[in-house]
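Chain by chain, the residues run as shown.
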Amino acid sequence: MVMDKTFLILTIIFLVVAFMVLYLLLKNRKSSSSGELEETKKQLHSYMSKVDDLMFTLNSIHEFSLQVTGIASREDLAKYIVDLACKLFDAGTGSVMLINPKTSELEIVASKGLPAEITSSAKPKLGEGIAGKVAETGKPIFVEDITTDPRFNNKTGNGYSSKSFLSVPMTVKDHVIGVVNVTPRKKIETYEDKSIRLLSILADQSAFALENLRLYGNLEKFYMDMVEILAKTVDVKDSYTYDHAERARTHARKICKQLNLPEGITKPIEYAALIHDIGKIGIEHQILEKPGNLTPEERKSVEQHPAIGSNIIKPVVFLSSIAPIILYHQEWYNGRGYPEKLQGEEIPLGARIVAVIDAYDAMVSDRPYRKAMAKEKAIEELKRYSGVQFDTEVVNAFLQVLE
Ligand SMILES: [Fe+2]
């Protein structure tokens, strides 16, 4: 929304300037005296440079909006902003400080070029130092020499790449959530400098993106709490399931890391690992805890659990992407599993990962109908069924992360 507004305003400004340039061009044609011609040329030059500035600003905002939409964590977003700010001002050092609402202190969440003693100790309160003043007033501050400015805390300036210092607020809905600091190498003449204006716009866009990430994080936590409640509910029916689910979740994260999967793919697999057996909620307790062999009917009933689980999860929009992982976690790589006898790559990667950790954990756990298998024996079984029941690549990754 904010991005749309900014874009619209900048587009209007751009059109107005372009119109003025056109007008001057026409006027230029009609102009007869050489003095007038010279004056018109100067004006034209000045407007063209403004158009260039605006184009640069529009492109920077556009590129920024494309980049930030793919960033999923507060730290990664802050790092992106620091790098961008340093690039804009040719700065060797920079940082993003966010206000900790509990302490009212600014804390560095991302930095470039700053030594650890600064990033770990710099925690100004609102109104303290330059960053604290910017956070309190919501107005940028530029100082030419930090070693002589009474507001700057680090009198020596050691650790900073230049003596000049620029701090710009990050504002969302008139509320400052942090500041962006850089030590520009180039000289800044006025606060109207196009780089300061651009950084202010990008800092506000970043604040908006950070706020969205925070709200999304709260929502995600709410859903995860619900997922854990669901997993505990299954525990009431099957005493083995909850601990098993927690271990499965930890293993899933490690395998994904080993396979170099991005966070966006890892998260759903981790959630799926936690609740992949949620469908057991719909299976009779006596069957799940039966200490002997299952009858064909009982086996059929147990084999319903992936479909039941997937149907429970599907209507929850936030969790719908993990429904296929739950549905297919009992498929075999060779197509002999259930419920649809998918094979190889037809089985979603998340389901192939959950299948390995589920089987391993089941083998090394005590069950009502048999004692736990030794770890070494379970590993042997995984290897034996690698390429048969399990994806070989996933088994290899799992064996590497298994302690
Ligand atoms: Fe299962």
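In case you missed it, the structure is sitting above this.
Residues numbered from 1 in each chain as written. Predicted model: local features only at pLDDT ≥ 70, side-chain atom pairs only at ≥ 80, totals over all residues. Heavy atoms only, no water.

> Would you take a moment to explain the nonpolar core for this structure?
For soluble globular proteins, the rule of thumb is that nonpolar side chains tend to be buried together. Formed by 44 residues in total, the largest nonpolar core has its most connected members in Ile 255, Ile 275, Ile 313, Ile 322, Ile 353, Leu 382 and Phe 398. If you list the elements that add at least two residues to this core, you get helix 6 (194-237), helix 7 (241-258), helix 8 (263-275), helix 12 (323-327), helix 13 (349-363), helix 14 (375-384) and helix 15 (392-401). Broken down by element, the residue count for this core peaks at 8 residues, all from helix 13. In this structure Ile 322 touches Pro 268, Tyr 271, Ala 272, Ile 275 and Ile 313, once residues within four positions along its chain are discounted. Listed in part, the 36 residues of the second largest apolar core include Ile 81, Leu 84, Leu 199 and Ala 203. (Core = buried A, V, L, I, M, F, W, Y, C linked by side-chain atoms within 4.5 Å. Buried < 20%, exposed > 50% of the residue type's maximum accessible area, 1.4 Å probe, protein only. Helix = DSSP H or I, 4+ residues; strand = E, 2+ residues; numbered from the N terminus. Contact = heavy atoms within 4.5 Å.)

> Is there a simple way to explain the sheet that holds strand 4 (residues 165-172) in this structure?
Paired through backbone hydrogen bonds, the strands of a sheet run either parallel or antiparallel to each other. Ordered in space as 2-1-5-4-3, the 5 strands form an open sheet in which the pairing is antiparallel. The outermost strands of the open sheet, each flanked by one partner alone, are strand 2 (105-112) and strand 3 (141-143). In this sheet, neighbouring strand axes are inclined to one another by 20 degrees on average, regardless of whether the strands run parallel or antiparallel. This element, helix 3 (residues 74-88), spans strand 1 (94-100), strand 2, strand 4 and strand 5 (175-182) of the sheet and lies at about 65 degrees to strand 2. Running over the sheet, helix 5 (residues 129-137) touches strand 1, strand 2, strand 3, strand 4 and strand 5 and is turned about 30 degrees from strand 4. (Pairing = 2+ DSSP bridges. Axes fitted to C-alpha atoms, helices over the stretch in contact; angles between N-to-C directions.)

> I keep staring at the pattern of salt bridges and nothing clicks. Help me out?
Side chains bearing opposite charge may pair, as long as their charged atoms lie close to each other. For the structure shown, the criterion picks out 16 salt bridges. Residues Arg 253 and Glu 263 are paired through a salt bridge, measuring 3.1 Å at the closest nitrogen-oxygen approach. Pair noted here: Arg 253 is in helix 7 and Glu 263 is in helix 8, with a separation of 10 residues, a long-range link. A relative accessible area of 31% places Arg 253 in the partly exposed class. The shortest N-O distance in the salt bridge between Glu 298 and Lys 290 comes to 2.7 Å. Given a relative accessible area of 22%, Lys 290 falls into the partly exposed group. (Salt bridge = Lys/Arg side-chain N within 4 Å of Asp/Glu carboxyl O.)

> What am I meant to see in the coordination of the iron ion here?
As a benchmark, a tetrahedral metal site with four donors has ideal angles of 109.5 degrees, while an octahedral site with six donors has ideal angles of 90 or 180 degrees. Bound to the iron ion are the protein donor atoms Asp 277 (OD), His 305 (NE2), His 329 (NE2) and Gln 330 (NE2), situated 2.2 to 2.5 Å from the metal. Because the angles between the 4 donor atoms bound to the iron ion fall within 81 to 161 degrees, the donor set is best described as irregular. For the iron ion, the single-chain donor residues occur in sequence as D-x27-H-x23-H-Q. Of the two residues, Asp 277 sits in the loop between helix 8 and helix 9 (285-288) while His 329 sits in the loop between helix 12 and helix 13, which places them 52 residues apart along the sequence. His 329 shares its class with Asp 277; the two are buried. (Donors = N, O, S within 2.8 Å, 3.2 Å for Na, K, Ca; no water. Tetrahedral: all angles 85-135°; square planar, octahedral: opposite > 155°, others 65-115°.)

> Looking at this structure, how should I read the pairing of strand 2?
On a regular strand, one side chain projects to one face of the sheet and the next to the other, so that they alternate. One ladder, built from 7 bridges, connects strand 1 with strand 2; its direction is antiparallel. Bridge pairing in strand 2 places Gly 94 opposite Lys 112. Hairpin remark: strand 1 followed by strand 2, antiparallel, with 4 residues in the connecting loop; positive phi at Ser 104, about 55 degrees.

> Would you mind showing me how to read the packing of aromatic side chains here?
Two aromatic rings, taken as a pair, are described by how far apart their centres are and by the angle between their planes. Throughout the structure, instances matching the rule amount to 2 aromatic pairs. Each ring, one from Trp 332 and one from Tyr 385, has its centre 6.0 Å from the other, and the planes form 75 degrees; the classification is edge-to-face. Note that Trp 332 is positioned in the loop between helix 12 and helix 13 and Tyr 385 in the loop between helix 14 and helix 15, a separation of 53 residues in sequence. Judged by its relative accessible area of 25%, Trp 332 falls in the partly exposed class. Overall, the relative accessible area of 26% leaves Tyr 385 in the partly exposed class. Aromatic side chains Tyr 360 and Phe 398 sit 5.1 Å apart centroid to centroid with 70 degrees between the ring planes, which places their arrangement in the edge-to-face category. One end of the pair, Tyr 360, is in helix 13; the other, Phe 398, is in helix 15, with 38 residues separating them in the sequence. (Phe/Tyr/Trp six-rings, centres within 6.5 Å; stacked < 30°, edge-to-face > 60°.)

> Would you explain the pairing of strand 4 in this entry?
The element strand 4 is largely enclosed, with a buried count of 8 among its 8 residues. Burial of strand 4 is two-sided: the residues Phe 165, Ser 167, Pro 169 and Thr 171 facing one way and the residues Leu 166, Val 168, Met 170 and Val 172 facing the other way are all buried. With 3 bridges joining them, strand 3 and strand 4 adopt antiparallel strand pairing. Paired with Phe 142 across the strands is Leu 166, a residue of strand 4. Note: strand 4 against strand 5, 7 bridges, orientation antiparallel. Its bridge partner being in strand 5, Val 168 is matched across the sheet by Val 180.

> What should I look at first to understand the environment of Met 97 in this one?
Its location among the elements puts Met 97 in strand 1. Separated by 19 residues in the primary sequence, Met 97 and Ala 78 place their C-alpha atoms 8.6 Å from one another. Beyond its immediate stretch of four places on either side in the chain, Met 97 contacts Leu 106, Glu 107, Ile 108, Ala 122, Pro 124, Ala 131, Ile 177, Gly 178, Val 179 and Asn 181.

> Would you take a moment to explain a nonpolar patch on the surface for this structure?
On the surface, a nonpolar cluster with roughly 390 Å² of combined accessible area is contributed by Tyr 216, Leu 219, Phe 222 and Met 226. Relative to the elements of secondary structure, Met 226 occurs in helix 6. Judged by relative accessible area, Met 226 falls into the partly exposed class, the value being 36%. (Patch = residues over 30% accessible without salt bridge, like charges linked within 9 Å, V, L, I, M, F, W, Y side chains within 5 Å. Areas by Shrake-Rupley, 256 points an atom, 1.4 Å probe, with all protein chains shown as cover.)

> How do you make sense of the packing of helix 14 against helix 15 when you look at a structure like this?
Each pair of packed helices gets described by two things: the angle between the helix axes and the distance between those axes. As a packed pair, helix 14 and helix 15 sit with axes 10 Å apart at the nearest point and diverge in direction by 160 degrees. It follows that helix 14 is roughly antiparallel to helix 15 by the angle criterion. Of the two elements, helix 14 crosses helix 15, and the hand of that crossing is left-handed. Packed against helix 14, whose contacting residues are Ile 379, Leu 382 and Lys 383, the element helix 15 presents Val 395, Phe 398 and Leu 399 at the interface. Grouping the amino acids of the contact of helix 14 with helix 15 by side-chain chemistry returns 5 nonpolar, no polar and 1 charged. (Parallel < 35°, antiparallel > 145°, perpendicular 65-115°, else oblique. Left-handed = near helix turned anticlockwise from the far one by under 90°. Nonpolar A, V, L, I, M, F, W, Y, C, P; charged D, E, K, R; others polar.)

The values reported here are purely geometric and, on their own, carry no functional implication.
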